[in-house]
Structure formats: C-alpha cells, structure tokens
Amino acid sequence: IKRCLKQSANVKGIRMILSGLQKSVEEISEEISEEYPNWSCIANHSKNPYSKEEQEESDCISCTRQLLGTGADIKGLRILIMTEPVGSKLNMEQTIGRLRPYFDSDGEQRDTVFYYIVDTGFRKCTEMYERVLPVIKRVSKTVQTFDLR
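Each value, and the rule that gives it
- Residues numbered from 1 in each chain as written.
- Predicted model: local features only at pLDDT ≥ 70, side-chain atom pairs only at ≥ 80, totals over all residues.
- Heavy atoms only, no water.
- Buried < 20%, exposed > 50% of the residue type's maximum accessible area, 1.4 Å probe, protein only.
- Helix = DSSP H or I, 4+ residues; strand = E, 2+ residues; numbered from the N terminus.
- Pairing = 2+ DSSP bridges.
- Salt bridge = Lys/Arg side-chain N within 4 Å of Asp/Glu carboxyl O.
- Phe/Tyr/Trp six-rings, centres within 6.5 Å; stacked < 30°, edge-to-face > 60°.
- Core = buried A, V, L, I, M, F, W, Y, C linked by side-chain atoms within 4.5 Å.
- Disulfide = S-S within 2.5 Å.

Student: Which parts of the structure should I look at to understand the pairing of strand β4 (residues 77-82)?
Tutor: It is a general feature of regular strands that their side chains alternate between the two faces of the sheet. In terms of burial, β4 is largely enclosed, as 6 of its 6 residues are buried. Sheet topology note: the strand β1 (residues 14-19)/β4 ladder contains 5 bridges and is parallel. Within the sheet, the bridge partner assigned to Ile 17 lies in β4 and is Ile 81. Across 4 bridges, β4 lies against strand β7 (residues 113-116) in parallel orientation. Looking across to β7, one finds that Leu 80 is bridged to Phe 114.

Structure below.
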C-alpha cells in the first residue's frame, strides 16, 4: 500500500484503499495519516459511515469493499488500491467501474489508476488474480505488473 501511495503521491485526486475488515480500514487510515499528515484520510465502514460529500472532500479514503459496493460514485476518485483477493469477474468489473473519468481543474481528462495487490505466495490468490485478469485488461488502458519483493 505504501509503495502504491508513494508512487502516486503527487497525483491530484482522491485515493481509496479497499480492505476486507473494519479493523484494517482503521489501521490503514491511521498509518496514512501518520505518513501523509497534510492529507485528510477517513476510515469509512459500516460502523463509521461517511456521507458522499464528506468522502469527496477528503484526500484519501480507507474503506471496506462491501461498503464501496453499496455507495454512490465518488466524484474526484482517481486512485483505487485493492488489498484483498477477488475471484469474481463481475465484482472486479464493478470495483474498477467506481473509477470514473477524472478531469483536472483545467477541464482536461487524466488517467485514473487501479492497483490490485496480490500475494503470489498463495496459490489461491494467484488463481483468483488469473481469473479476473482478462477483466482488468479489458477495462484498462494499460496493465503493469510489479514484483514488490
């Protein structure tokens, strides 16, 4: 997560980090707030929900994927970081679909970025990635793979 954030630190737009548990959402939000004190980072989950307006005013949102699935599109969302495996092609397409066209203050359209973190040390995670990769490729301008070891 930190490497993805560092790589995109100077990119304008809202960042969203999706994780599976409320506890991880809280911990990720705390870590980001410490690492990037100038960013407003919120922990958005079912026990701590934020309005669409509050999310659109933040720099960074740590959120459960389940809550993202029920939420409205976030205007200004430009970077999405998925931290848990997804095996469903439909779920992957819906998740990536939350990234809408992003326009800067001059009205020029800019790329959005989707990071999908996969622990290749687990065969099941790799299989799930391989299952959804065709969807990622179909809806993406480019796909780049990074080995974080």
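Student: It is not clear to me how the pattern of salt bridges should be interpreted in this structure. Could you clarify?
Tutor: Pairing between side chains becomes possible if they bear opposite charge and their charged atoms approach one another. One pass over the structure, following the stated rule, counts 11 salt bridges. Where Glu 56 meets Lys 52, a salt bridge forms, and the shortest distance between an N and an O atom there is 3.5 Å. Of this pair, Glu 56 and Lys 52 are both found in helix α3 (residues 52-56), 4 residues apart, which corresponds to roughly one turn of the helix. By relative accessible area, which is 26% here, Glu 56 ends up partly exposed. With relative accessibility at 35%, the residue Lys 52 sits in the partly exposed group. For the salt bridge of Arg 98 with Asp 73, the shortest nitrogen-to-oxygen distance reads 3.0 Å. Remark: Asp 73 occurs in the loop between α4 (65-70) and β4 and Arg 98 occurs in the loop between α5 (89-96) and β5 (102-103); sequence separation between them is 25 residues. Residue Arg 98 is classed as buried on the basis of its relative accessible area of 15%.

Student: Where do I start with the environment of Ser 8 in this structure?
Tutor: With respect to the helices and strands, the residue Ser 8 is situated in the loop between α1 (2-7) and β1. Overall, Ser 8 belongs to the buried group, its relative accessible area being 2%. The sequence separation of Ser 8 and Ser 19 amounts to 11 residues, and the corresponding C-alpha distance is 19 Å.

Student: What exactly am I supposed to notice about the packing of aromatic side chains here?
Tutor: Where two aromatic rings form a pair, the distance of their centres and the angle of their planes describe that pair. Inspection of every chain in the model, using the stated rule, returns 3 aromatic pairs. Measuring from ring centre to ring centre gives 4.1 Å for Tyr 36 and Trp 39, while their planes differ by 10°; the resulting arrangement is stacked. The class for Trp 39 is buried, based on a relative accessible area of 16%. A connected cluster of aromatic rings, assembled from ring pairs, spans Phe 114, Tyr 116 and Tyr 129.

Student: Please clarify how the nonpolar core should be interpreted in this entry.
Tutor: General note: in soluble globular proteins, nonpolar side chains tend to be found buried as a group. In this structure, Met 16, Ile 61, Met 92, Phe 114, Tyr 116 and Ile 136 are the most contacted members of the largest nonpolar core, which totals 20 residues. Listing elements by their share of this core, those giving two or more residues are β1, β3 (60-64), β4, α5, β7 and α6 (123-139). Considering each element in turn, this core owes the most residues, 4 residues, to α6. Residues Ile 32, Tyr 36, Cys 41 and Cys 60 belong to the second largest nonpolar core, which totals 12 residues.

Student: I'm lost on the state of the cysteines in this one. Help?
Tutor: Note: disulfide means a covalent bond formed between the sulfur atoms of two cysteine side chains. As enumerated under the stated definition, the model contains 0 disulfides in all. In this model Cys 60 remains outside any disulfide bridge; the closest cysteine sulfur is found in Cys 41, 3.7 Å from its own. Judged by its relative accessible area of 0%, Cys 60 falls in the buried class. Sulfur of Cys 125: no disulfide; nearest cysteine sulfur belongs to Cys 4 and is 16 Å away. Residue classification places Cys 125 among the buried positions, given a relative accessible area of 17%.

Nothing here speaks to function; it is all geometry.
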